[in-house]
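Examination of the molecular architecture
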Amino acid sequence: MTKRSKDDLHKHLNRVKQCCSCHKIFLTDVNNNNYNFLDVSLKCDSYFCERCAKKKRVKLIKRVQKNLSGKNIRFLTLTFDTKQYTPDDTYKLGSEYFHRFIKYLKYHNFKFQYFKVLEFTKSGLAHYHVLLDCYIPVSIIKNIWFQITGSYIVFIKKVRSVKKIISYILIY
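Residues numbered from 1 in each chain as written. Predicted model: local features only at pLDDT ≥ 70, side-chain atom pairs only at ≥ 80, totals over all residues. Heavy atoms only, no water.

What to know about the packing of aromatic side chains
Which entries qualify depends on this criterion: In this scheme Phe, Tyr and Trp rings, the latter by its six-membered ring, pair at centre separations within 6.5 Å, and the angle between planes marks the pair as stacked below 30 degrees, edge-to-face above 60, and tilted otherwise. Runs of H or I in DSSP of at least four residues are treated as helices and runs of E of at least two as strands, each being numbered from the N terminus. Classification of residues uses two cut-offs on accessible area relative to the type maximum, computed with a 1.4 Å probe and protein chains only: under 20% is buried, over 50% is exposed, and between them is partly exposed. Any Lys NZ or Arg CZ found within 6 Å of a ring centre and within 35 degrees of that ring's normal is scored as a charge over the ring.
Summed over all chains, the structure comprises twelve aromatic pairs. For the pair F75 and Y168, a centre-to-centre distance of 6.1 Å together with 80° between the ring planes defines the contact as edge-to-face. Of this pair, F75 sits in strand 4 (residues 74-79) while Y168 is found in helix 5 (residues 162-170), placing the two residues 93 residues apart along the sequence. Look at F75 and you get buried, because its relative accessible area is 6%. Taking the relative accessible area as the measure of exposure, Y168 reaches 35% and is therefore partly exposed. Members of the aromatic cluster, each reached through a chain of ring pairs, are F80, Y85, Y97, F98, F101, F112, Y114, Y128 and W145. If you follow K106 out to its NZ or CZ, it ends over the ring of F112, 5.6 Å from the centre.

Put into structure tokens, the structure is as follows:
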């Protein structure tokens, strides 16, 4: 329990606001312009919090590296055609289409693990960054994505450093 003046309290509160929601202050007593409060640190466990995001990212990178490391990793980007879809369409339909895409690949006997991140372009369209742990020919990926979305916009690249590509993906 700490006693502080009103000005000290406001300075402290402003500093706490800059941190995030993972820091809470409980006012306990107010007497003659002196505020008693209990300062408690709590984790919000959010990727948007500077304090919590670092730890979460490190854990996620380790988990993805453990599951995908040492394999034939491919970085895949699946994009919707701007002529056929609005940003709202891609947001609403994106998840459904992505899951359909994964089902098609598994139907064609590809066995793999994947890690995906949804990103929005400057125009507001959703697209997916995906890490796959197996080789799938670009022609098959393009054909399946076209059957589902009507779009051929696909990019695929072999990954040299899993840690670097995960860090890139986690920016979004």
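Having seen it, we continue.
Overview of the packing of helix 3 (residues 87-107) against helix 4 (residues 138-149)
We apply this condition: Axis definition: a line fit to C-alpha positions, over the contact stretch in the case of helices; interaxial angles, taken between N-to-C directions, run 0 to 180 degrees. What sets the label is the angle itself: under 35 degrees gives roughly parallel, over 145 gives roughly antiparallel, 65 to 115 gives roughly perpendicular, and the rest give oblique. Helix crossings are classified by the rotation of the near helix relative to the far one: an anticlockwise turn of less than a right angle makes the crossing left-handed, while a clockwise turn makes it right-handed. Contacts were defined at the residue level, with two residues in contact if any of their heavy atoms lie within 4.5 Å. Amino acids are sorted into nonpolar (Ala, Val, Leu, Ile, Met, Phe, Trp, Tyr, Cys and Pro), charged (Asp, Glu, Lys and Arg) and polar (every other residue, Gly among them).
Where helix 3 contacts helix 4, the axes come no closer than 10 Å and their chain directions differ by 135°. What the angle tells us is that helix 3 and helix 4 run oblique. As helix 3 packs across helix 4, the resulting crossing turns out to be right-handed. For the pair helix 3 and helix 4, the contacting residues are Y97, R100, F101, Y104 and L105 in the first and I141, I144, W145, Q147, I148 and T149 in the second. Split into classes, the residues belonging to the contact of helix 3 with helix 4 amount to eight nonpolar, two polar and one charged.

Side note on the pattern of salt bridges
Where charged atoms from two side chains of opposite charge come close, those side chains can pair. This is how it is decided: We count a salt bridge whenever a side-chain nitrogen from Lys or Arg sits within 4 Å of a carboxyl oxygen from Asp or Glu.
The tally for this structure, following the rule as stated, stands at one salt bridge. For the salt bridge of E96 with R100, the shortest nitrogen-to-oxygen distance reads 2.4 Å. With a gap of four residues between them, E96 and R100 both fall in helix 3, about one helical turn apart. Given a relative accessible area of 32%, R100 falls into the partly exposed group.

Observations regarding helix 5
Rules: Starting at the helix axis, one direction is taken to each C-beta atom, and the arc is that of these directions. Whenever two N or O atoms come within 3.5 Å, that pair is a polar contact, provided that in protein one can donate a hydrogen and the other can accept it, and provided that, for residues adjacent in sequence, both atoms are side-chain atoms.
Those residues of helix 5 that sit buried are V162, I165, I166, I169 and L170. Taken down its axis, helix 5 places every buried residue within 135° of arc, on the same side. Check the buried side of helix 5 and you find it contacts helix 2 (50-68), strand 4, strand 5 (114-120) and strand 6 (126-132). Residue S161 occupies the N-cap position of helix 5, its side-chain oxygen lying 3.2 Å from the main-chain nitrogen of K164.

Brief notes about the packing of helix 2 against helix 5
The contact between helix 2 and helix 5 brings their axes to 10 Å, and the two run at 130°. Put simply, helix 2 runs oblique to helix 5. In terms of crossing hand, the pair formed by helix 2 and helix 5 is right-handed. Residues R57, L60, I61, V64 and Q65 of helix 2 touch helix 5, and the partners they reach there are V162, K163, I166, S167 and L170. When the residues that make up the contact of helix 2 with helix 5 are grouped by side-chain class, the tally is six nonpolar, two polar and two charged.

What about helix 2?
We count it as follows: Helices are assigned an expected span. That span is 1.5 Å times one less than the residue count.
The terminal C-alpha atoms of helix 2 lie 27 Å apart, and with 19 residues this matches the ideal 27 Å at 1.5 Å per residue to within 8%. Of the positions making up helix 2, those classed as buried are C52, A53, K56, L60, I61, V64 and L68. Along helix 2, the residues classed as buried sweep out an arc of 160° about the axis, all on the same side. Among the exposed residues of helix 2, those oriented more than 90 degrees off its buried face are K54, K55, K59, K62 and K66. The inward-facing, buried residues of helix 2 contact strand 5, strand 6 and helix 5.

Description of the side chain of T90
Structurally, the position occupied by T90 is in helix 3. Note on T90: relative accessible area 0%, which makes it buried. Within the local environment of T90, its side chain forms a polar contact with the backbone oxygen of P87, the two atoms lying 2.8 Å apart. In contact with T90, other than residues within four places in its own chain, are F80, Y85, G124, L125 and A126.

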